[in-house]
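Residue strings, one per chain:
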Amino acid sequence: MTEKISPYLKSLLHLPSIRLQYIDETKNATTVNYNDPLMEDSHEVVKGLIHKYTHRALIKVSYQCAAHCRFCTRIRQIGHPEGRLQEDDIDAIAQYLSLHPEIDEVILSGGDPFYTPQTTKQIIEKCQAIDSIKTWRIGTRLPLQSPISMDSKLVKELEACIQQLAAQKPFFILLHVEHPDELTNDALRVIQHLRTLGVTLLSQTVFLKGINDEYEILVSLFKSLYHIGVIPYYLYRCDRVKGLEAFYADPQKEKEIAIKLRQYLSGIACPLFVEDIENGYGKIPVM
Ligand SMILES: *Cc1c(COP(=O)(O)O)cnc(C)c1O
Ligand code: SF4
């Protein structure tokens with residue numbers, strides 16, 4: 001994966017919590033052969049559509065993001081231009097979803113769906129009339145990687161499309177947040193705005209060694225998220241992708257932190273601690 005960072009994140013690189021997520025200071029990861037332990041590629045039924053669980057389908061809108069996280073589960077693909085879906089691909093996805101009414105939930109992922117707002121909007125427009133889809137989700141890091149990009153005309157158009165759909169069907173925006181340092185005033189402003197779209201805001205966090213594997217950091221993160229109207233959904237163990245070993249936190253330490261979080265936080269503010277098991281079993285609670 002090539003290093004990529006937004007101008008906004010560049011201005012935050014003095015913070016180790018940000019720098020370690022994006023900059024490889026050891027410069028020795030370039031030769032790693034990243035793998036796919038969650039077997040997503042073998043569940044890709046048409047280009048960009050992962051149908052791994054019966055009633056949920058995940059769409060990889062592109063492999064592009066505003067910045068490249070060094071611990072990304074899909075590090076094998078991130079940054080490659082060929083992942084971006086074209087009109088034909090979107091038609092094929094819409095057809096698959098129509099022919100599979102057991103799929104009642106669509107998750108837009110990637111890459112970052114807000115980074116390619118036109119493509120994401122096309123997908124929603126082509127699929128929103130499919131009756132069997134009852135709920136929608138979008139995962140994004142753009143509000144934390146480049147809040148100013150959320151003000152672009154194309155993102156505003158995507159937001160209008162989301163707002164319209166959210167008035168008819170439950171729509172969830174899932175923010176990927178790792179550390180309280182990411183909740184800057186700029187990011188908070190964007191999150192505050194997202195609340196006005198009529199969506200439910202959720203978050204997901206990955207345990208990252210040396211970045212957020214401390215009780216105090218995570219308590220502060222989940223409380224802050226809860227206080228701004230974001231419900232912490234999942235706390236993941238870092239996926240066992242080859243090449244990401246430096247980010248694996250100590251499993252015993254993770255468990256102790258997760259227990260303390262559960263005791264201290266409001267139920268709504270405490271995410272479920274899960275591990276995405278290899279070979280396709282899915283996200284299993286660690287405790
Ligand atoms: C995480 C994931 C989902 C959604 O799982 P939930 O537990 O419902 O959040 C769906 N498909 C794939 C491939 C996933 O990785
Ligand atoms: S923003 Fe998400 S998809 Fe993009 S590199 Fe980071 S973790 Fe991966």
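Fair warning: this is a prediction, and the values are worked out from it, not measured in the lab.

**Student:** I tried to follow unusual backbone geometry on my own but got confused; where do I start?
**Tutor:** The bulk of non-glycine residues show a negative phi, and the bulk of peptide bonds are trans. For the bond running from Gly 110 to Gly 111, omega is 10°, close enough to zero to count as cis. Within the secondary structure, Gly 111 sits in the loop between β4 (105–109) and α4 (117–127). Phi angles above zero are rare outside glycine, and Met 39 is one such case at about 55°. Mapped onto the elements of the fold, Met 39 is located in the loop between α2 (16–22) and β1 (44–46).

**Student:** It is not clear to me how the site of ligand 2 should be interpreted in this structure. Could you clarify?
**Tutor:** Around ligand 2, the surrounding shell consists of Cys 65, Ala 67, Cys 69, Cys 72, Ile 78, Gly 111, Arg 141, Gln 145 and His 176. Comparing atom positions with the cavity grids shows ligand 2 to sit within the largest pocket.

**Student:** Can you help me understand the sheet that holds β1 in this one?
**Tutor:** Either a parallel or an antiparallel arrangement is found when strands of a sheet pair, and the pairing is made through backbone hydrogen bonds. Strand order in this open sheet of 10 strands is β1-β2-β3-β4-β5-β6-β7-β8-β9-β10, and the pairing throughout is mixed. Two strands in the sheet have a free side with no partner beyond their single neighbour: β1 and β10 (282–285). The mean angle between the axes of side-by-side strands here comes to 30°, regardless of whether they run parallel or antiparallel. Sheet topology places strand β9 (residues 272–277) next to β10; four bridges connect them, and they run antiparallel.

**Student:** Teacher, can you tell me more about the packing of helix α3 (residues 87–99) against α4 here?
**Tutor:** Two measures define how a pair of helices packs: the angle their axes make with one another and the distance between the axes. The contact between α3 and α4 brings their axes to 10 Å, and the two run at 35°. Two packed elements cross with a definite hand, and for α3 against α4 that hand is right-handed. Taken together, the residues of α4 that come into contact with α3 (itself represented by Glu 87, Ile 90, Asp 91, Ala 94 and Leu 97) are Thr 119, Gln 122, Ile 123, Lys 126 and Cys 127. Of the residues assigned to the contact of α3 with α4, the class counts are five nonpolar, two polar and three charged.

**Student:** Even after reading the chapter, I still don't get the layout of surface pockets, so can you show me in this structure?
**Tutor:** Here the largest pocket defines a volume of roughly 1000 Å³. Considering the residues around the largest pocket, the lining is formed by 43 residues, among which Leu 58, Arg 74, Ser 109, Gln 204 and Tyr 236 are closest to the centre. Contributing elements (two or more residues each) for the lining of the largest pocket: β2 (49–53), β3 (56–60), β4, β5 (135–140), β6 (171–176), β7 (200–206), β8 (231–236) and β10. Here the residues of the lining of the largest pocket are counted per class, giving 21 nonpolar, 11 polar and 11 charged.

How each quantity is defined
- Residues numbered from 1 in each chain as written.
- Chains lettered and ligands numbered in written order.
- Predicted model: local features only at pLDDT ≥ 70, side-chain atom pairs only at ≥ 80, totals over all residues.
- Heavy atoms only, no water.
- Helix = DSSP H or I, 4+ residues; strand = E, 2+ residues; numbered from the N terminus.
- Near = heavy atom within 4 Å.
- 1 Å grid on protein atoms, 1.4 Å probe; cavity = no way out; pocket = protein on both sides within 12 Å on 5 of 7 lines; lining within 4 Å.
- Sits in = over half its atoms within 2 Å of the grid points.
- Pairing = 2+ DSSP bridges.
- Axes fitted to C-alpha atoms, helices over the stretch in contact; angles between N-to-C directions.
- Left-handed = near helix turned anticlockwise from the far one by under 90°.
- Contact = heavy atoms within 4.5 Å.
- Nonpolar A, V, L, I, M, F, W, Y, C, P; charged D, E, K, R; others polar.
- Points joined across faces, edges and corners; volume = space filled by probe spheres on them.

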